[in-house]
Protein chains: 2
Amino acid sequence: MKIAVDAMGGDYAPDAIVEGVVMAAAGLPEQVTIVLVGRQSIVQALLTKYGADARTNIECVQAEDIIDMGEHPTKALSQKPNSSIGVGFKLLKDRQVQAFCSAGNTGAMHVGALFSVKAIEGVIRPCIAGFVPQITGGHAVMLDIGANADCKPEMLAQFGEIGSIYAQYTFGIDRPRVALMNIGHEEQKGSLVAQAAHQLLKDNRRINFIGNIEGGDFFAGKTDVIVTDGFTGNTLFKLGESFYGLAKERGITDAFIDQTNYESVGGSPILGVHGNVIIAHGISSPLAIRNMISLAIRQVESDAYTKIAQALS
Amino acid sequence: MKIAVDAMGGDYAPDAIVEGVVMAAAGLPEQVTIVLVGRQSIVQALLTKYGADARTNIECVQAEDIIDMGEHPTKALSQKPNSSIGVGFKLLKDRQVQAFCSAGNTGAMHVGALFSVKAIEGVIRPCIAGFVPQITGGHAVMLDIGANADCKPEMLAQFGEIGSIYAQYTFGIDRPRVALMNIGHEEQKGSLVAQAAHQLLKDNRRINFIGNIEGGDFFAGKTDVIVTDGFTGNTLFKLGESFYGLAKERGITDAFIDQTNYESVGGSPILGVHGNVIIAHGISSPLAIRNMISLAIRQVESDAYTKIAQALS
């Protein structure tokens, strides 16, 4: 299994990325190799700096260009085919790697996924999933957390199905509970879109829909999948993540609150495309990168995207 | 000044309400009287139970009926004019009291406000404001937190103006900073509604619009007013409030996190109507009721709703 990592993407790239990859490499299963994509002279120097050993479960692939965080995704990808993101997606499309991860330009990662491995047939819109730690243990999969600010009811209903399959295969949860984020528990509550989505989710016999949850249920362990539009999902996810920083600032250390730290999972998969694409926070630290690689391995092993394709096509 | 309180509304009414009123009465400014609206036999017995003194800064007004939490607002109000909510709004409409507060049926409070004191001319839709503690001290006013699940850009823009006036007069903030909750700091980010609202807020010279904030900025002290639709606002507000319960469960005591407890402010005003109407959590404790009364007094003193009416008409 090969996991490609964009060495050049992220606010602290390439340093933090290479350091995180070296951390991950020290504990990799034997069959896994990490492929660092980026400027080889820089990457090699950093591998030496961070003491990567000679066992070579890290490979390097040259990519001369870099897509900056602020660049227009579509324009940048077409003008810079030799960027680390461009080359990473080429490797993924050609099945030379089984996953591609980057802490770089999120828009470019999203567009790159759509242009290279492409959306699964039957998927209305691919989305980004976030992992929300639950007080009862484990994580709930929340989708969408930002790819689609405006959602139709049919999209939300499909997020429920995609999230259910993902939770089943990647987290090993039997009949995952699926809930709709809403502003009341009763089915007639909420925006017009939420009301219509509730009915579609309720009518879908392939999922275990348990009804609405509210913002106060975010960490409560009531559900395995949280369905929401990318606007609500993004704001909630970022507020949830901010608990860690706030607690840290106040000198509070707590095992559960520590899990709200973005670093603890390290990445968010794009779901609904024909491949494993994982995006990380721009501010990703070496620890976040290491954990993102663990997530990528888990996703490759679970083969969730194939299961999603089988269910929806 | 007279503040009417619904004795019968709330999950722990009438006990918790009367206890809270007695707590508040012990520390009231001389010119303030609380008017308890509800079944007099019950209310009088509870006043005795909680040791209300004979100084009589608590008055009672009889209301035989009760609107239950689950009742249909419009139907209940028209069928039960002698309910505590019905009588409370009659007192407010007749200017016999300067504010009306209830922890009862939120929908009935909203509809009652629209039917009695009515929306201010020029207000597209009244909304509910929540108070978000800020790490830098004080609170930001967030609106809407649940009255309007679906909002047009013009509504969001008006929330910005209403919130700005409220923060100025009730909190004494000069040129309050107004921010739009969004999924990116750049002005082209977000849903179609958020993008359009951003432009309207930017073009409004009567407010100090500072741009977008994200979910991670919720407690950050970056703004005095948070503009959002009632769907996003409700879910964010409830997630923010859950921080307190989560910390408490984990044995964490912290002065800032304690402020995320709903009890610390105790109430949420309906803004955009011709009067001071404050709704509280159904689960309101005596402490929450006491703090809601403090908020009501502050609102009456600031005369914010008249200032809003002057600005918008």
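Model, not experiment: these values are computed from the prediction.

## A word on the overall build of chain A
Scanning chain A from N- to C-terminus turns up 11 helices and 11 strands. Taken against the 2.2 N^0.38 rule, which gives 20 Å for 313 residues, the C-alpha radius of gyration of chain A at 19 Å falls within 12% of a compact globule. Counting only residues that meet the buried cut, chain A has 61% of its 313 residues in that class. Residue pairs in contact within chain A that sit at least 24 positions apart in sequence constitute 71% of those at least 6 positions apart. For chain A, the accessible surface area stands at approximately 12000 Å², while carbon and sulfur atoms represent 50% of it.

## Quick word on the packing of aromatic side chains
All names here are of chain A. For the coordinates displayed, the defined rule picks out 16 aromatic pairs over all chains. Relative to F100, the ring of F89 lies with its centre 5.1 Å away and its plane at 80°, an arrangement referred to as edge-to-face. Here F89 is found in helix α4 (residues 84-93), whereas its partner F100 is found in strand β4 (residues 99-102), with 11 residues between them in sequence. We classify F89 as buried; its relative accessible area is 3%.

## Considering helix α8 (residues 230-249) of chain B
Residue and element names in this part refer to chain B. Across its 20 residues, α8 extends 29 Å between first and last C-alpha, which sits within 8% of the 28 Å expected from 1.5 Å per residue. For α8, the N-terminal capping position is held by D229, with its side-chain oxygen 2.9 Å away from the main-chain nitrogen of F231. A positive phi of about 75° marks G251, the residue just after α8.

## Points about the pattern of salt bridges
All names here are of chain A. Under the counting rule described, the total for this entry stands at 24 salt bridges over all chains. Put simply, K49 and D15 hold a salt bridge, and the shortest N to O gap is 3.0 Å. Of this pair, K49 sits in helix α2 (residues 40-49) while D15 sits in helix α1 (residues 15-25); the two residues are 34 residues apart in sequence, bridging distant segments of the chain. Judged by relative accessible area, which is 29%, D15 ranks as partly exposed. Between K202 and E187 there is a salt bridge, and its shortest N-O distance comes to 2.9 Å. Here K202, found in helix α7 (residues 192-203), pairs with E187, found in the loop between β7 (177-181) and α7; they are 15 residues apart in sequence, far enough to count as distant.

## Brief notes about the relation of the copies chain A and chain B
Between chain A and chain B, which share one sequence, the superposing operator has a rotation angle of 180° and an axial displacement of 0.0 Å; the RMSD is 0.0 Å. In symmetry terms, the pair is related by a two-fold rotation axis. Residue by residue, 100% of the interface of chain A is reproduced at the interface of chain B, so both copies engage with the same surface.

## Regarding the interface of chain A and chain B
Accessible area lost upon the coming together of the parts serves often as the stated size of an interface. On the side of chain B, 36 residues touch chain A, which itself brings 36 residues to the contact. Carbon and sulfur atoms make up 71% of the surface buried where chain A meets chain B, a total of about 3100 Å² over both sides. Contact with chain B buries area across many residues of chain A, yet I183(A), F231(A) and L239(A) alone supply 21% of it, more than any other trio. Taken together, the connections running from chain A to chain B amount to four salt bridges. Note that R250(A) and D254(B) form a salt bridge whose closest N and O atoms lie 2.9 Å from each other.

## Some points on helix α5 (residues 106-115) of chain A
All names here are of chain A. Listed in full, the buried residues belonging to α5 are A108, M109, H110, V111, G112 and A113. The elements touched by buried residues of α5 are α3 (73-79), α4, β4, β5 (127-133), β10 (268-271) and β11 (276-279). Between a side-chain oxygen at the N-terminus of α5 and the backbone nitrogen of G107 the separation is 3.1 Å; the capping residue is N105.

## So, the side chain of N57(B)
All names here are of chain B. Considering the arrangement of structural elements, one finds N57 in the loop between α2 (40-49) and β3 (58-62). You can call N57 buried: its relative accessible area is 11%. Engagement of the side chain of N57 in a polar contact is seen with the backbone oxygen of A25, the distance being 3.0 Å. Filtering out sequence-adjacent residues up to four positions away, N57 remains in contact with A25, L28, V32, T33 and I34.

## Regarding the domain arrangement of chain A
All names here are of chain A. Along its sequence, chain A is carved into domain 1 (1-119 + 273-302) and domain 2 (124-271). Taking only C-alpha atoms, the centre of domain 1 and the centre of domain 2 are 26 Å apart. Opposite the 23 residues of domain 1 that make contact, domain 2 presents 19 residues. Here domain 1 meets domain 2 over a buried area of about 1700 Å², counting both sides, of which 62% is carbon and sulfur. Looking at the side of domain 1 facing domain 2, the largest losses of area belong to H110, I279 and L295, adding up to 28% of the total buried there. Between domain 1 and domain 2 we count zero salt bridges in total. The interface formed by domain 1 and domain 2 includes 12 residue pairs in polar contact (both at pLDDT 80 or more). Counting residues per element, the ones that place at least two in the side of domain 1 that touches domain 2 are α5, β11 and α10 (286-302).

## A few points about unusual backbone geometry
The peptide bond linking A13(A) to P14(A) adopts the cis configuration, its omega dihedral lying at -5°. Structurally, P14(A) is set in the loop between β1 (2-6) and α1. Going from L143(B) to D144(B), the amide bond is cis rather than trans, its omega being 5°. Within the secondary structure, D144(B) sits in the loop between β6 (139-143) and α6 (153-170). Of note, the phi angle at R175(A) is positive, near 45°, even though the residue is not glycine. Secondary-structure assignment places R175(A) in the loop between α6 (153-170) and β7.

Rules behind the numbers
Residues numbered from 1 in each chain as written. Chains lettered and ligands numbered in written order. Predicted model: local features only at pLDDT ≥ 70, side-chain atom pairs only at ≥ 80, totals over all residues. Heavy atoms only, no water. Helix = DSSP H or I, 4+ residues; strand = E, 2+ residues; numbered from the N terminus. Rg over C-alpha atoms; globule rule 2.2 N^0.38 Å. Buried < 20%, exposed > 50% of the residue type's maximum accessible area, 1.4 Å probe, protein only. Contact = heavy atoms within 4.5 Å. Areas by Shrake-Rupley, 256 points an atom, 1.4 Å probe, with all protein chains shown as cover. Phe/Tyr/Trp six-rings, centres within 6.5 Å; stacked < 30°, edge-to-face > 60°. Expected span 1.5 Å × (residues − 1). Polar contact = N/O pair within 3.5 Å; in protein donor to acceptor, adjacent residues only side chain to side chain. Salt bridge = Lys/Arg side-chain N within 4 Å of Asp/Glu carboxyl O. Least-squares fit on C-alpha atoms with pLDDT ≥ 70 in both. Buried area = accessible area lost by both parts, 1.4 Å probe. Domains from an automatic or database assignment.

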